[in-house]
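Chain by chain, the residues:
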Amino acid sequence: MGPLPLKEKLQALQCHFTWNFEIRDKVDAAHTLQTLALRTAHTHYQNQATLLAMQAYLCHLQGQYEDALQSLREAEEILLRDHPENFPRQVLVIYGNYAWIYYLLAHYDLVELYLDKVRKICSSLKSRSPYAAQIPEIHAQKGWSLLAAGFRNGGEATKCFQMALREDEANGEFLAGLAIAVFASWTHSPKSVFWEAAKQKLSAIVHEQQQNYEAKVYLAKILKKTDRQQAEALLEDVVQNSLDPEVLRHAGKFFLSEFPQQAIAILQRAIALNPNYHLLHYNLGVCYKKQLEEAKSGRREEILAAAIEAFKKAVQKDPVSVFSKLALAEMYGENAPHHQEEIYRNLMSEMPSLSKRCQQAVSLHWGDFLFYKQKSLWKAAQTYRAGFAIPDNNLERQQLKKRLEEVAGEFQQSSQATEAEAIHEFIHQNETPQYMGRATGGSNRAGDWRRRENV
C-alpha cells in the first residue's frame, strides 16, 4: 500500500509525531536530547521509557533515524521489564512512533505492522477509535514529554496529569508529574496561586518519594525566600545523594547570586559526573563572573582566567552555543578587546541562521561594544534598532529598549533632537500591538524552526 492511504491512520495515533510540541529548531532539539540523555543515564525514572520515546522523536528531527529506532527498542525493553502486567497500555505511544518513523523511511509494510499492533490494543481496550485510546498512561506520557520539551509547556502538562489522575488518583508517578508541571507553570508565570499549588504538591511528593531529588530541588526554589533553612536542608540532601547533573546544576544555581563559591563546588561535582554537558561549564563561568564583580585586585586575574577557561569549555562542548560565546567575549573584553570584537563579528556574520532571541542577544552585546568601548553612537543605535525590531519579547528585547532610550538621551544632550525623536518614534512603532501581530504572525510550534537556547 502506498503512503497516501496511511496518512489518515498515522495522524489518528497518540504519539510524539501527532502531539503539538514546541520544539522550535534543531538546536532546541539537540539541547533537549542532551538533558534527556543525562536523566536516563544517571537517574532511574519511572517514566524512563517515555523519555526514550521522546528521544526517538528528537533524533528523527536531527535526521538520526537509526538512533531513533534504537531508542524505541530500549524503551520497549524497559516497559517489558518494569510494566509486564500492563505492557499493552504503556506501549501504544512507542508503537505510534515506530509507525511514523517507518513511514518517513518509506517502509510501508512495517508501518502497517505497527498500525495493526495499535489497532488490536485499542480494540482490546474497547476504544471508540481504532488508533487511539483515552487512558491515563497516555495522558501521563504526553505530560512528561511536554515537560521534557520545556517548562514553558507547564500549563498543558498540568492538564495531562490531571486527566491521568482522574482514573488513577493515587498513582505516584502521575502525582509527581503534576507537582513538577505546576512548578513549571510558576516558573513562567510567577503568580501566587501557582506558588501555593507547587509548594503543596512538591512537599507531598518529597514526603512520599524520598529519592525524588528533582522534586526536592524545585521545592527548594519555591521555599528560597520564605523558608531558607528548609530550602538549604533539601539542597544538602540533593548535593550529597543525586547523580543527575541537571538536578545538581539547578542546585548550584540556587547559591549562585549569594554564595558563588558554594555554587562552584556543586557544579564541579556535576561536571565530574558528566564533563561533556556544556551548560555545567557555562554556569561555572557565570559563578566566576560573579566572583569577579566582587574580587579584590590581587585575585582578579586568577578569577578571570578561570571564567575564560569555563566559557571556552562550554563553547568547545557545544560550538553552536551563542550565549557561551557572548559570555566568553565579555570576559575577553577585560584584557583583550580585540578577541572580544572578533567573536562579535563572527556572530554578526551568522545572524541569519540564529534564533530570534539569539539575534537580539548578539545585537545587544555588539551594540554595547560599539556604544561603551568604541564610543560609536550612530553604529550602536543602528545595531540596537536592528535587535529591537525583532518582535519576540525576550529579556534581551527589554534591555535593547533601555539601550535605545540611553542612546536617545545622548543624542538629546548633543543637540541632535531629531535623531532622539526618531528613536522614540521607532520604539513606539515597534511596541504597538498591530506591529507585534504582523511581525510575529504564525505558530511557534513544531516545524516552525526558530533557534533558541535554554541557559
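Every residue gets a number counted from 1 within its own chain, in the order that chain's sequence is written. In view of the model being predicted, local features appear only for residues whose pLDDT reaches at least 70, and side-chain atom pairs are presented and counted only at 80 or more, with totals across whole chains, interfaces and linings using the full set of residues. For the side-chain quantities, the full set of heavy atoms in the structure was used; hydrogens and water were omitted.

Quick notes on the overall build of the chain
Logical step 1: Starting at the N terminus, helices and strands are each numbered in turn, a helix being any DSSP run of H or I of at least four residues and a strand any DSSP run of E of at least two. Helix and strand counts for the chain come out as 23 helices and zero strands.
Logical step 2: What you see for the chain is a C-alpha radius of gyration of 24 Å, in line with the 23 Å of a compact globule of 455 residues.
Logical step 3: Exposure classes here rest on a 1.4 Å probe applied to the protein chains alone. A residue is buried below 20% of its type maximum, exposed above 50%, and partly exposed in between. Going through the 455 residues of the chain one by one, you find that 52% of them count as buried.
Logical step 4: Here, residues are in contact when the closest pair of their heavy atoms is within 4.5 Å. Within the chain, residue pairs in contact and separated by at least 24 positions form 61% of the contacts whose partners lie at least 6 positions apart.
Logical step 5: Working note: accessible area of the chain is about 21200 Å², and carbon and sulfur atoms make up 49% of it.
Logical step 6: Each charge class in the chain was averaged separately, 53 positive and 53 negative side chains, and the resulting centres sit 2 Å apart. Note that the radius of gyration is over C-alpha atoms, with the globule rule given as 2.2 Å times the number of residues to the power 0.38. Here, Shrake-Rupley sampling with a 1.4 Å probe gives the accessible areas, and only protein chains in the shown set may cover a residue. Neither His nor the chain termini are counted; the positive set is Lys and Arg, and the negative set is Asp and Glu. To locate a charge, the coordinates of NZ of Lys, CZ of Arg, CG of Asp or CD of Glu are taken.

Some words on helix 13 (residues 245-255)
Logical step 1: When you tally the buried positions in helix 13, you get 10 out of 11 residues, the bulk of the element.
Logical step 2: Capping the start of helix 13, Asp244 holds a side-chain oxygen 2.9 Å from the backbone nitrogen of Glu246, two or three residues further along. What qualifies as a polar contact is a pair of N or O atoms within 3.5 Å, subject to a donor-acceptor requirement within protein and to the restriction that residues adjacent in sequence count only when both atoms come from side chains.

A look at the side chain of Gln48
Logical step 1: Inspection of the secondary structure assignment puts Gln48 in helix 3 (residues 48-61).
Logical step 2: Not counting the four nearest positions on each side in its chain, Gln48 is found in contact with Thr40, Ile78 and Arg81.

Observations concerning empty space enclosed by the protein
Logical step 1: For cavity detection a 1 Å grid was placed over the protein atoms alone, and a set of points counts as a cavity when a 1.4 Å probe fits there but cannot get out; an open set counts as a pocket when protein lies on both sides within 12 Å along at least five of seven lines, with lining residues being those that have an atom within 4 Å of a point. Grid points are joined across faces, edges and corners, and a volume is the space filled by probe spheres set on the points. A full pass over the atoms with the stated rule returns two cavities of 30 Å³ or more.
Logical step 2: As for the largest cavity, its lining consists of Ala49, Thr50, Ala53, Leu79, Gln90, Val93, Ile94 and Gln141.
Logical step 3: Elements represented by at least two residues in the lining of the largest cavity include exactly helix 3 and helix 5 (87-104).
Logical step 4: One number sums up the size of the second largest cavity: a volume of about 30 Å³.
Logical step 5: Leu13, Gln14, Leu92, Val118, Tyr131, Ala132, Ala133 and Ile138 together form the lining of the second largest cavity.
Logical step 6: Basically, the charged four are Asp, Glu, Lys and Arg, the nonpolar ten are Ala, Val, Leu, Ile, Met, Phe, Trp, Tyr, Cys and Pro, and anything else, Gly included, counts as polar. Split by residue class, the lining of the second largest cavity holds seven nonpolar, one polar and no charged.

Some words on the confidence of the model for the chain
Close reading of the predicted structure is inappropriate where its pLDDT is low.
Logical step 1: Averaged over every residue, the pLDDT of the chain is 90; residues scoring 70 or more account for 92%.
Logical step 2: Segment residues 437-455: pLDDT under 50, and 60 contacts once partners within four positions in sequence are set aside and those in other chains are kept. Per-residue confidence from the prediction method is given by pLDDT, with values spanning 0 to 100.

Description of the packing of helix 15 (residues 278-294) against helix 16 (residues 297-317)
Logical step 1: Axis angles are defined between N-to-C directions and span 0 to 180 degrees, where every axis is a line fitted to C-alpha atoms and, for a helix, only to the segment in contact. Closest axis-to-axis distance for the helix 15/helix 16 pair is 8 Å, and the angle between their directions is 160°. It follows from the interaxial angle that helix 15 and helix 16 lie roughly antiparallel. For the element pair helix 15 and helix 16, the recorded crossing hand is left-handed. When helix 15 is examined against helix 16, the residues His278, His281, Tyr282, Leu284, Gly285, Val286, Tyr288, Lys289, Gln291 and Leu292 are found in contact with a partner set consisting of Arg300, Ile303, Leu304, Ala306, Ala307, Ala310, Phe311, Lys313, Ala314 and Lys317.
Logical step 2: Split into classes, the residues belonging to the contact of helix 15 with helix 16 amount to 12 nonpolar, four polar and four charged. Comment on the angle field: the value is read as roughly parallel under 35 degrees, roughly antiparallel over 145, roughly perpendicular from 65 to 115, and oblique elsewhere. Left-handed describes a crossing in which the near helix is turned anticlockwise from the far one by less than a right angle; the clockwise case is right-handed.

A look at the nonpolar core
Logical step 1: What is meant by a nonpolar core is a set of buried Ala, Val, Leu, Ile, Met, Phe, Trp, Tyr and Cys residues, joined one to another through side-chain atoms within 4.5 Å. Ranked by internal contacts, the top residues of the largest apolar core, which has 152 residues, are Leu10, Leu13, Ile23, Leu58 and Leu202.
Logical step 2: In terms of residues, this core owes the most to one element, helix 5, which gives 12 residues.
Logical step 3: Ignoring anything within four residues of it in the chain, the contact list for Leu13 reads Thr18, Gly96, Ala99, Trp100, Leu115, Val118 and Tyr131.

Here we look at the pattern of salt bridges
Logical step 1: Salt bridges, as used here, are contacts in which a Lys or Arg side-chain nitrogen is within 4 Å of a carboxyl oxygen on Asp or Glu. Taken as a whole and judged by the stated rule, the model has 18 salt bridges.
Logical step 2: Between Glu66 and Arg73 there is a salt bridge; the shortest N-O distance is 3.2 Å.
Logical step 3: Asp237 is paired through a salt bridge with Lys216; the nearest N and O atoms lie 2.3 Å apart. Pair noted here: Asp237 is in helix 12 (residues 228-241) and Lys216 is in helix 11 (residues 213-223), with a separation of 21 residues, a long-range link.
Logical step 4: Residue classification places Asp237 among the partly exposed positions, given a relative accessible area of 23%.
Logical step 5: Here the salt bridges do not stand alone but share partners, grouping Asp116, Arg119 and Lys120 into one network.

Focus on the environment of Trp378
Logical step 1: Mapped onto the fold, Trp378 is located in helix 20 (residues 377-388).
Logical step 2: Between the C-alpha atom of Trp378 and that of Val407, which follows or precedes it by 29 residues, the distance is 8.8 Å.
Logical step 3: In this structure, Trp378 is in contact with Phe411, Gln416 and Glu419, ignoring residues within four places of it in sequence.

Observations regarding the packing of helix 19 (residues 356-373) against helix 20
Logical step 1: With their axes 8 Å apart at the nearest point, helix 19 and helix 20 run at an angle of 170° to one another. Of the possible angle classes, the one that applies to helix 19 and helix 20 is roughly antiparallel. For the pair helix 19 and helix 20, contact is made by Gln360, Ser363, Leu364, Trp366, Gly367, Asp368, Leu370, Phe371 and Tyr372 and by Leu377, Lys379, Ala380, Thr383, Tyr384 and Gly387, respectively.
Logical step 2: Grouping the amino acids of the contact of helix 19 with helix 20 by side-chain chemistry returns eight nonpolar, five polar and two charged.

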